[in-house]
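Given next are the chains, with one letter for each unit.
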Amino acid sequence: MEPIGGESSKDAVLYVNGVRRVLPDGLAHLTLLEYLRDIGLTGTKLGCGEGGCGACTVMVSHYNEVLKKCVHYAVNACLAPLYSVEGMHIITVEGVGNRKTGLHPVQESLARSHGSQCGFCTPGFIMSMYALLRSSELPPTEEQIEECLAGNLCRCTGYRPIIDAFQVFAKTDDAFYTNTSSSDLQSGEFLCPSTGKPCSCKSKGLNGAETCKKSTANENKYEPVSYSEVDGSTYTDKELIFPPELLLRKLTPLYLNGFGGLKWFRPLKIQHLLELKAKFPDAKLVVGNTEVGIEMRLKRIQYKVLISVAHVPELNVLHVKDDGLEIGAAVRLSELLQMFRKVVNERAAHETSSCKAFIEQIKWFAGTQIKNVACVGGNICTASPISDLNPLWMAAGAKFQIIDCKGNIRTIMAENFFLGYRKVDLTSGEILLSIFLPWTRPFEYVKEFKQAHRRDDDIAIVNAGMRVFLEEKGEDLVVSDSLIVYGGVAPLSLSAVKTKEFVIGKNWDQELLQGALKFLEIDIFLKEDAPGGMVEFRKSLTLSFFFKFFLWVSQQICMKKSTAIPLSYLSATQPFQRPSIMGNQDYEIRKHGTSVGSPEIHLSSRLQVTGEAEYADDTPMPSNGLHAALVLSRKPHAKILSIDDSEAKSSPGFAGIFLAKDVPGDNHIGPITHDEELFATQYVTCVGQVIGVVVADTHENAKLAAAKVVIEYEELPAILSIQEAVNVTRSSMEKFMWDGQEHFYLEPQSSLVWTMDSGSEVHMISSTQAPQKHQKYVAEVLGLPMSKVVCKTKRIGGGFGGKETRSAFIAAAASVPSYLLNRSVKLTLDRDVDMMITGQRHTFLGKYKVGFTKEGRLLALDLEIYNNAGNSLDLSLSVLERAMFHSDNVYEIPNIRIRGRVCFTNFPSHTAFRGFGGPQGMLIAENWIQKIAVELNKNPEEIREINFQGEGSILHYSQQLQYCTLGQLWNELKLSSDLLRAREDAKQFNLQNRWKKRGVAMVPTKFGISFTTKFMNQAGALVHVYTDGTVLVTHGGVEMGQGLHTKVAQVAASAFNIPLSSVFISETSTDKVPNTSPTAASASSDLYGAAVLDACEQNKGTRMEPLAGACYMQRIDLSAHGFYITPDIGFDWKTCKGNPFNYYTYGAAFAEVEIDTLTGDFHTRTANIILDLGYSINPAIDVGQIEGAFIQGLGWVAMEELKWGDAAHKWIPPGCLYTSGPGSYKIPSMNDVPFKFSVSLLKGHPNVKAIHSSKAVGEPPFFLASAVLFAIKDAIIAARAEVGHHEWFPLSNPATPERIRMACLDEFSSRFIDSDFHPKLSI
Ligand SMILES: Cc1cc2nc3c(=O)[nH]c(=O)nc-3n(C[C@H](O)[C@H](O)[C@H](O)COP(=O)(O)OP(=O)(O)OC[C@H]3O[C@@H](n4cnc5c(N)ncnc54)[C@H](O)[C@@H]3O)c2cc1C
Ligand code: FES
Ligand code: FES
């Protein structure tokens, strides 16, 4: 044992959910998450491992010696080193409540509000909310609740029901959180079946009807079962208290070890810390580990010594002094934020200009879990060029105190501390001790700026800190001092030195502004191929920020004539403020029997909110089980010259490596054509192609060994865009480009494979939408009959098409070592690998020519479309076909020619994604509708309406429309959204605001339901009735959050006229229902509902009466197999005639957005959606699907940008995916939900074509989010018109801040671009 300043300890203790656990030495390499999952607490999930999704959130409690109280806060367990929580109490979702002892109100509320679909994100949300309640002395505000959830991502729900579930704990409704209020509820208060809370939807629905008015059943009562710590009511024995031992126990210094010689120290005194630093000059100091953790795990940097400085008092000071604030380097950002808020309240306003700037900047800094652990010094010393705080420290004139190993202290201005890329003025023997932030003086102003892809929890594209100190000289205000610092434009936070020199001594007026803009262009120099790309955007932002600063300061001083600014400019200075989200759901309930038609909650939701629901990776491994990692290609196109596995074989825990030569059966795989290799033999055709698989005793060891396999390549030319694959440049046709989209299911791909009877049978549990495909792939690669291979899937944490075909090769890869070694093998992909190798929504490129009359009536369309398939066919042809079917959207086109081509490129194979090409086809249509509108100077809605298809319309593939409700729902939405008024309001707003613009749009959709491949439209089911009258249903569909099992169980319950609670669906399994189609194409409820109904009918007829037990005694078979095929469908591609679809789901959406033309920031103010779902089997689940699809669609049209190493992104290695994690790829967060978000279901239109008159819902609403894209475009049109540009311009999705800002031409952007500039896109 090495002493730390004379003392040290290896006695590490931790409490987890009230249970004392001694932490053995040797685990310094483990994260808290790994430890928790290793001890069987699998409720805490691994979604990304980089602090970006919140699935791993747990609550940490410890006794704070200074505050003399317990503090509770949420952290990301995936980044927290295990020993960092020594002496603390960890509460995981299992410790909050469970089904046996009772759910906590937070869990109950989320379950009842339909806030959990696939459930993978759910424990994280529960823990964030729980930690907020436990840490709040008073009930939190609605704003605090939304803020605390900023670090949690959900890909299924669209967030609205989660917000609704948690808002019941907000201040406005604090009575609800008490036991008293719950008893009030029990006495019959109205509860909304959609939100699970006292109904807030008494307001009018979209069509003026009372929302949910038919669903006030008392059985939906909310029954909180636990206590409220917030209002001081009594503890129940279910609530975990802070362990008394930890109250009494003093922290001790620690010295512990980890894998690979890693040393972990926890000094408690500065002296000890300095001694350690002297002894280990290369040691990394750790507080939040949010930088170091990423470096060690994702960048694979090996640090040997980590020193946790979180408990060194000298580094934790927070002193308010006469001249400023002293901040210890280890102070956590959430503490700092609190302190800033306090001093802003307490001190003179002019003194706290810097503090206010920090408050605003920290608000948009990471999620709450990160802010709860990340420290100030960590951010400073990392010296990231996009640090949000460093430009502010510099601008605000902060000073850093630095201490060396001998205790000598020196002070340096923040401005001089940063030397280069992640390089600071610290010698190896020095550390940052504290920061001193001076108060600002009268006429001294400090302001922050940040533009990111996503407002919440995202790193900046460009940020800035700016300060100016003005002095009165006679009539004028003259700049006495200033500093303008930018992040994101250079390898370090960059001070605009020439601009500073220029402004000093100048009057604060227009002349200064114009001069400063010129000097900024000189100061900020970005090369064309600068890392990060977006060069023109970043340069424009630097000027936009300064312009905003100029306006803001002018507004502060606004007494001089020369500085008066036009009123229409003021909105440029207003920060983004979002009100609490207002959701509205309007539907009627058409009950059929005991359950069909009821807004039942998801059958697994209670398991999901308690963390008891199991996913593939949660399955316990047998003691001799192995973990697998893939050996992946690093080249987009190359010949494999040699594979050297010698180093891998000597790697710790190594158990085997398997290549193509080891595959016992057929190495060729593929869902339609076998054009892929399981393991590459001679050539690789994309980065991330699988070359082999390595197995080892742990996941980490398997990855380590796989990384040691050395492959020699001969590089070959690679095709890295559709343009390169096919020449589409010639011709006079209009071009368009649509970007792809990553599925970002919260649960990464995972399979556990094992053998039975010494390898004669192979079984697996897989996270897949297509268990049958897993069975088939595995049987083929192992050379076994399908009858000896079984795939089971209980539930999956989201799929969205990404686990339809691209999950099967993962199971197949794991099956090879499992079969050959006769051992269980688990292969769970890390998030970055998953994103890199499993394909995405197809990018599309194409061209069109559209003919129309002067009224805007369509005459003809000539369309050519190309999709980027990647390196194999997979489902690309079917995706292209659906795009071709849907490229009329809802419009009559008398003459039409559509040609499509699949393009092979050197990217991973792209695949199915919600909508399956339909949204791409429809987006093309809406694009030319919009173009016609611009050319005729009309509103797009006018053009839409005069071209609508209707009852009896014959489509371009000869199918005739029947039961078309398009016109009706369009009119209802137009009326309820008051479209004309909204347009006029936006126009008025735009006239009054130069730098903010609003836009509106209303978009229709028609989505064809059925697999377009006829044979896939079949379904099987098995229904067993037991002697106690309960029913076990098995069918071929997979539960992935969409509520399929719930709906199918409702069908069975109504069929037997029994309560829903008597029906159980356990899992999907290929040995129960064989030869199933993937759960896809939105058709699963139609198909499996009908198959189950068929089985129930067989059981019911003579056999279920009067009682199952009696039937049994009569020797009557109580089990039946049901089967269903969709009738009357089929399409012949030779004649281009037929009925590919059983029916259509129609819908429409209205959206209103606001954009900031200077930065490209946008938000959706309103989204109203209406869908025709016939008589919904479960309207609450359907509303959840609509909201979730809309928000996912919003990601596609406006946020999520894939960046590949291609000609447009030369700074990324060729063929590599840059956006391979939540850090760089931004799906919508809670902050992106429309302020007003309404969903209504068309009433009174049963669908004669599907079970119980319902309609399919999964994919149809996705495209409706394009209303947001076209509303953004509408706003940009207004901005361009203001500078005289009325011509048509294309706007590709996603409408990122870059695309929005660069399309809004103005005097700042025109310095860098022409009016026809288009930001780059990986296509
Ligand atoms: C999901 C996520 C989101 C993020 N979002 C943002 C964001 O929006 N804006 C932003 O700017 N950053 C962001 N970051 C980066 C990171 O959170 C911050 O830089 C954070 O402040 C680092 O603090 P830490 O305590 O976690 O650092 P650690 O990882 O513990 O340490 C970081 C580095 O600082 C050094 N160090 C720490 N203390 C001292 C000291 N006293 N003296 C000398 N060296 C020291 C360590 O040796 C180490 O090299 C994000 C990170 C993640 C994972
Ligand atoms: S798994 Fe920890 S934040 Fe995603
Ligand atoms: S329910 Fe949130 S990710 Fe599925």
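Residues numbered from 1 in each chain as written. Chains lettered and ligands numbered in written order. Predicted model: local features only at pLDDT ≥ 70, side-chain atom pairs only at ≥ 80, totals over all residues. Heavy atoms only, no water.

**Side note on the overall build of the protein chain**
Within the protein chain, the regular secondary structure consists of 37 helices and 48 strands. For the protein chain, whose C-alpha radius of gyration is 31 Å, the value lies close to the compact-globule estimate of 34 Å for 1323 residues. In terms of overall dimensions, the protein chain has a C-alpha envelope of 95 × 80 × 75 Å along the principal axes. Expressed as a percentage of the 1323 residues in the protein chain, the buried residues total 66%. For the protein chain, the proportion of contacts with a sequence separation of at least 24, taken over those separated by at least 6, is 77%. Carbon and sulfur atoms form 53% of the exposed surface of the protein chain, whose accessible area is close to 44500 Å². Computed over 131 positive and 144 negative side-chain charges, the separation of the two mean positions in the protein chain equals 1 Å. (Helix = DSSP H or I, 4+ residues; strand = E, 2+ residues; numbered from the N terminus. Rg over C-alpha atoms; globule rule 2.2 N^0.38 Å. Buried < 20%, exposed > 50% of the residue type's maximum accessible area, 1.4 Å probe, protein only. Contact = heavy atoms within 4.5 Å. Areas by Shrake-Rupley, 256 points an atom, 1.4 Å probe, with all protein chains shown as cover. Lys, Arg positive; Asp, Glu negative; His and termini not counted. Charge placed at Lys NZ, Arg CZ, Asp CG, Glu CD.)

**Some points on the site of ligand 1**
Around ligand 1, 30 residues are found, and the nearest of them are Lys284, Val287, Gly288, Thr290 and Asp388. The backbone of Leu285 places a nitrogen or oxygen atom 3.0 Å from an oxygen atom of ligand 1. Burial of ligand 1 by the protein chains amounts to 92% of its free accessible area of 1000 Å². Those elements giving two or more residues to the shell around ligand 1 turn out to be strand S8 (284-286), helix H14 (376-382) and strand S16 (430-438). Top contributing element to the shell around ligand 1 by residue count: H14, with five residues. (Near = heavy atom within 4 Å. Polar contact = N/O pair within 3.5 Å; in protein donor to acceptor, adjacent residues only side chain to side chain.)

**What about the pairing of S16?**
The buried count for S16 comes to eight of nine residues, which makes it a mostly enclosed element. Two elements, strand S11 (residues 324-328) and S16, share five bridges in a ladder whose sense is antiparallel. Bridge pairing links Leu325 to Leu437 in S16. Examined bridge by bridge, strand S12 (residues 399-404) and S16 share six bridges and lie antiparallel to one another. Within S16, the residue paired with Ile403 across the bridge is Ile431. (Pairing = 2+ DSSP bridges.)

**Some words on the confidence of the model for the protein chain**
For the protein chain, the average pLDDT comes to 92, and 93% of its residues sit at 70 or higher. Within the model, the stretch residues 173-235 combines pLDDT values under 50 with 148 contacts to residues more than four positions away or in other chains. (pLDDT = per-residue confidence, 0-100.)

**So, the UniProt feature "active site" (unreviewed entry) in the protein chain**
In the numbering adopted here, UniProt assigns the feature "active site" (unreviewed entry) to Glu1259. Looking at the element boundaries, Glu1259 is found in the loop between strand S48 (1236-1241) and helix H36 (1266-1282). Sequence-distant contacts of Glu1259, that is, excluding residues within four places in its chain, are made with Arg914, Gly915, Phe916, Phe1007, Ala1081 and Ser1082. (UniProt positions renumbered as here; feature names shortened; annotations may be inferred.)

**Some words on the environment of Pro253**
Among the secondary structure elements, Pro253 is positioned in the loop between helix H8 (244-248) and strand S6 (254-257). Taking the C-alpha atoms as reference points, Pro253 and Lys269, separated by 16 residues in sequence, lie 8.7 Å from one another.

**Some points on the packing of helix H18 (residues 510-523) against helix H19 (residues 535-557)**
The geometry of H18 relative to H19 is characterised by a closest axis approach of 10 Å and an angle of 155 degrees between their N-to-C directions. By the angle between their axes, H18 is roughly antiparallel relative to H19. Our pair here, H18 against H19, has a crossing hand that is right-handed. Of the residues in H19, those in contact with Gln510, Leu512, Leu513, Ala516, Leu517, Leu520 and Glu521 of H18 are Thr542, Leu543, Phe546, Phe547 and Phe550. Residues belonging to the contact of H18 with H19 are distributed by class as follows: nine nonpolar, two polar and one charged. (Axes fitted to C-alpha atoms, helices over the stretch in contact; angles between N-to-C directions. Parallel < 35°, antiparallel > 145°, perpendicular 65-115°, else oblique. Left-handed = near helix turned anticlockwise from the far one by under 90°. Nonpolar A, V, L, I, M, F, W, Y, C, P; charged D, E, K, R; others polar.)

**Quick notes on the environment of Trp393**
Mapped onto the secondary structure, Trp393 falls in helix H15 (residues 390-395). Taking relative accessible area as the criterion, Trp393 reaches 0% and is therefore assigned buried. Between the C-alpha atom of Trp393 and that of Ile380, which follows or precedes it by 13 residues, the distance is 9.0 Å. In this view, Trp393 contacts Ile327, Leu336, Phe358, Val376, Ile380, Ala398, Phe400, Ala414, Ile435 and Leu437; residues no more than four positions away in its chain are not counted.

**Observations regarding the sheet that holds strand S23 (residues 638-644)**
With antiparallel pairing, three strands are arranged side by side in an open sheet as S27-S23-S29. The open sheet has two free edges, formed respectively by strand S27 (683-684) and strand S29 (710-715), since each of these has just one partner strand. Bridge analysis of S23 against S27 gives two bridges, and the strand direction is antiparallel. Each bridged residue has a counterpart across the sheet, and for Ala638 the counterpart in S27 is Val684.

**Observations regarding the sheet that holds strand S4 (residues 69-76)**
The five strands lie next to each other as S2-S1-S5-S3-S4, forming an open sheet whose pairing is mixed. At either margin of the open sheet sits one strand with a lone partner, and together these are strand S2 (19-23) and S4. Averaged over all neighbouring strand pairs, the angle between strand axes comes to 30 degrees, with direction disregarded. Strand direction decides the pairing type here: strand S1 (residues 12-16) and S2, joined by five bridges, are antiparallel. Counterpart to Ala12 in the pairing with S2 is Leu23. Running over the sheet, helix H4 (residues 122-135) touches strand S3 (57-64), S4 and strand S5 (89-91) and is turned about 25 degrees from S3.

**Here's the deal with helix H35 (residues 1179-1198)**
With 20 residues, H35 should cover 28 Å at 1.5 Å per step; its first-to-last C-alpha distance of 28 Å lies within 8% of that length. In terms of burial, H35 is a largely internal element, 20 of the 20 residues being buried. Put simply, Asn1178 is the residue that caps the front of H35, since its side-chain oxygen is 3.1 Å from the backbone nitrogen of Ala1180. (Expected span 1.5 Å × (residues − 1).)

**Things to note about the side chain of Asp1182**
Locating Asp1182 in the fold gives a position in helix H35. Within polar-contact distance, the side chain of Asp1182 engages the side chain of Lys1047 at 2.6 Å. Each residue touching Asp1182, except ones within four places of it in the same chain, is listed here: Lys1047, Leu1173, Ser1176, Ile1177 and Val1257.

**Points about the pairing of strand S36 (residues 858-870)**
With 11 of 13 residues buried, S36 lies mostly within the body of the structure. With nine bridges joining them, strand S35 (residues 844-852) and S36 adopt antiparallel strand pairing. The residue of S36 that forms the bridge with Phe844 is Asn867. From the end of S35 to the start of S36, which pair antiparallel, there are five residues, and Gly856 there has a positive phi angle of about 100 degrees. Bridge count for S36 against strand S37 (residues 895-904) is 10 bridges, and the pairing is parallel. Looking at S37, one finds that Ile865 is bridged to Gly900.

**Observations concerning the packing of aromatic side chains**
Scanning the model with the defined rule gives 42 aromatic pairs in all. Look at Phe913 and Phe1262: their rings are 6.4 Å apart centre to centre, the planes differ by 45 degrees, and that puts the pair in the tilted class. Separated by 349 residues along the polypeptide, Phe913 in the loop between S37 and helix H28 (918-936) and Phe1262 in the loop between S48 and H36 bring together distant segments of the chain. Comparing Phe913 with Phe1262 shows no difference in burial state: the two are buried. Ring plane angle 45 degrees and centroid distance 5.7 Å describe the contact between Phe1190 and Phe1237, whose orientation is recorded as tilted. Separated by 47 residues along the polypeptide, Phe1190 in helix H35 and Phe1237 in strand S48 bring together distant segments of the chain. For the pair shown, Phe1190 and Phe1237 are each scored as buried. Connected via pairs of aromatic rings, a cluster forms that spans Phe885, Tyr957, Phe1131, Trp1133, Phe1141, Tyr1144 and Tyr1146. Of note, Arg455 hangs over the ring of Phe576, and the distance from its end group to the ring centre comes to 3.7 Å. Taking the ring centre of Phe989 as reference, the NZ or CZ of Arg998 above it sits at 3.7 Å. (Phe/Tyr/Trp six-rings, centres within 6.5 Å; stacked < 30°, edge-to-face > 60°. Lys NZ or Arg CZ within 6 Å of the ring centre and 35° of its normal.)

**Looking at the UniProt feature "binding site: Mo-molybdopterin" (unreviewed entry) in the protein chain**
The UniProt feature table records "binding site: Mo-molybdopterin" (unreviewed entry) at Gln769, Phe800, Arg914 and Ala1081. These annotated residues cover 313 residues of sequence, and their C-alpha atoms all fall within 12.4 Å of one another, placing them together at a single site. Here Gln769 shows up in the loop between strand S32 (761-766) and helix H24 (771-782). Excluding residues that lie within four positions of it along the chain, Gln769 makes contacts with Ile796, Gly799, Phe800, Gly801, Gly802, Lys803, Glu804, Val1038, Met1040, Pro1078 and Thr1079. Structurally, the position occupied by Arg914 is in the loop between S37 and H28. Arg914 sits in the buried class, given a relative accessible area of 8%. When near neighbours in sequence (up to four residues on either side) are disregarded, Arg914 contacts Phe800, Arg841, Pro919, Gln1185, Gly1188, Ala1189, Gln1192, Gly1258, Glu1259 and Phe1262.

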